[in-house]
Amino acid sequence: MRLAIIRHAPPLHGGRLAGRRDVDADCTDDAAFATMRAAVARRMAGAATVSSPALRCVKTATTLGLSHRTDETLWEQDYGAWEGLPFDQLPDLGALPPAQLARHRPEGGESFDDMCARVQPALRALSGDTVVVAHAGTVRSALAMVVGPSALSFRVAPLSLTILTRHGDDWAVELSNLTA
């Protein structure tokens, strides 16, 4: 089984942490969308598609021409009190080791570990090749099935493609953060 995860197009969030806020996406880069369409067609022909219900994900899937269903469990991490804050006002947690960072829970929100507990069962339940259109946190949750909390160190660009393969219960990273 192959799992291709596309992070949504650049969010229109005004330089603020989007998280669970339902913000729009900038889907105007025709060349980038054409490149992503070709990459998905080449690598995932005939795969089912599922999307986070967030507007930015649904709009990205639609712009890519992917017929999809939505799944609530694929929402981005809930950042609680940090939602909507300008990026330069977020606390710097960079000094925390990966396992501790994964356990850190913003006030009123969920930790990365909490998000993985929500997202990973949905990904593991997929039975055939699937394209998922979701968030950076969703991509990192999938990567954490292979590398654990170190997945937090992966860069996940807007409109990027990450592919994992599953053999039995074991997952492997085939491709990470492919962009146009």
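Residues numbered from 1 in each chain as written. Predicted model: local features only at pLDDT ≥ 70, side-chain atom pairs only at ≥ 80, totals over all residues. Heavy atoms only, no water.

Asks: Got a minute to help me understand the overall build of the chain in this structure?
Replies: Each helix and strand counted, the chain has five helices and six strands in total. In terms of C-alpha radius of gyration, the chain reaches 15 Å, essentially the compact-globule figure of 16 Å for 180 residues. The principal-axis extent of the C-alpha atoms belonging to the chain is close to 40 × 40 × 25 Å. Looking at the chain as a whole, 48% of its 180 residues are labelled buried. For the chain, contacts bridging at least 24 residues in sequence account for 66% of all contacts bridging at least 6. Counting every atom, the chain has about 8,200 Å² of accessible surface; 51% of that belongs to carbon and sulfur. Considering the chain, the positive charge centre built from 18 side chains and the negative charge centre built from 20 side chains are found 3 Å apart. (Helix = DSSP H or I, 4+ residues; strand = E, 2+ residues; numbered from the N terminus. Rg over C-alpha atoms; globule rule 2.2 N^0.38 Å. Buried < 20%, exposed > 50% of the residue type's maximum accessible area, 1.4 Å probe, protein only. Contact = heavy atoms within 4.5 Å. Areas by Shrake-Rupley, 256 points an atom, 1.4 Å probe, with all protein chains shown as cover. Lys, Arg positive; Asp, Glu negative; His and termini not counted. Charge placed at Lys NZ, Arg CZ, Asp CG, Glu CD.)

Asks: In this structure, what is going on with the sheet that holds strand 3 (residues 69-70)? I would like to understand it.
Replies: Overall, mixed pairing links the six strands, which are arranged 3-2-4-1-5-6 in an open sheet. Of all the strands in the sheet, just strand 3 and strand 6 (170-178) have a single pairing partner and so form its edges. As judged from the five bridges shared by strand 1 (residues 2-7) and strand 5 (residues 161-167), these two strands associate in the antiparallel manner. Note on strand 5: the bridge partner recorded for R2 is T165. The strands that helix 2 (residues 55-63) touches are strand 2 (48-51), strand 3 and strand 4 (130-134); relative to strand 4, the one it contacts most, it runs at about 135°. (Pairing = 2+ DSSP bridges. Axes fitted to C-alpha atoms, helices over the stretch in contact; angles between N-to-C directions.)

Asks: Help me understand the pattern of salt bridges in this model?
Replies: Pairing between side chains becomes possible if they bear opposite charge and their charged atoms approach one another. One pass over the structure, following the stated rule, counts five salt bridges. Two residues, R2 and E174, come together in a salt bridge whose shortest N-O distance is 2.3 Å. In this pair, R2 is assigned in strand 1 and E174 in strand 6, connecting sequence segments 172 residues apart. With a closest N to O distance of 2.7 Å, D114 and R105 form a salt bridge. Assessed through its relative accessible area of 25%, D114 is described here as partly exposed. One network of salt bridges, in which partners are shared, links R20, E110 and R118. (Salt bridge = Lys/Arg side-chain N within 4 Å of Asp/Glu carboxyl O.)

Asks: It is not clear to me how helix 1 (residues 30-44) should be interpreted in this structure. Could you clarify?
Replies: An α-helix turns once per 3.6 residues; consequently, residues spaced three or four apart project the same way. Compared with the 21 Å implied by 1.5 Å per residue over 15 residues, the 20 Å span of helix 1 between its first and last C-alpha is a close match. Of the positions making up helix 1, those classed as buried are A32, F33, M36, A39, V40 and M44. Viewed end-on, helix 1 has its buried residues packed into an arc of 125°, placing them on one side of the element. Exposed and facing more than 90 degrees away from the buried side of helix 1 are D30, A31 and R42. Phi for G46, located one or two positions after helix 1, is positive at around 80°. (Expected span 1.5 Å × (residues − 1). Arc of directions from axis to C-beta.)

Asks: Help me understand the environment of V156, please; the structure alone is not making it clear to me.
Replies: Within the secondary structure layout, V156 lies in the loop between helix 5 (136-147) and strand 5. Exposure remark for V156: the relative accessible area of 4% places this residue in the buried category. For V156 and G137, which are 19 residues apart along the polypeptide, the C-alpha to C-alpha distance reads 8.6 Å. Excluding anything up to four places from it in sequence, V156 contacts R7, A136, V139, R140 and N177.

Asks: How should unusual backbone geometry be read in this particular structure?
Replies: Most peptide bonds adopt trans geometry, and most residues besides glycine take a negative phi value. Not every positive phi belongs to a glycine, and L159 is a case in point at roughly 50°. By the secondary structure assignment, L159 is in the loop between helix 5 and strand 5. One non-glycine residue, N177, lies in the positive phi region at around 60°. Tracing the sequence through the fold places N177 in strand 6.

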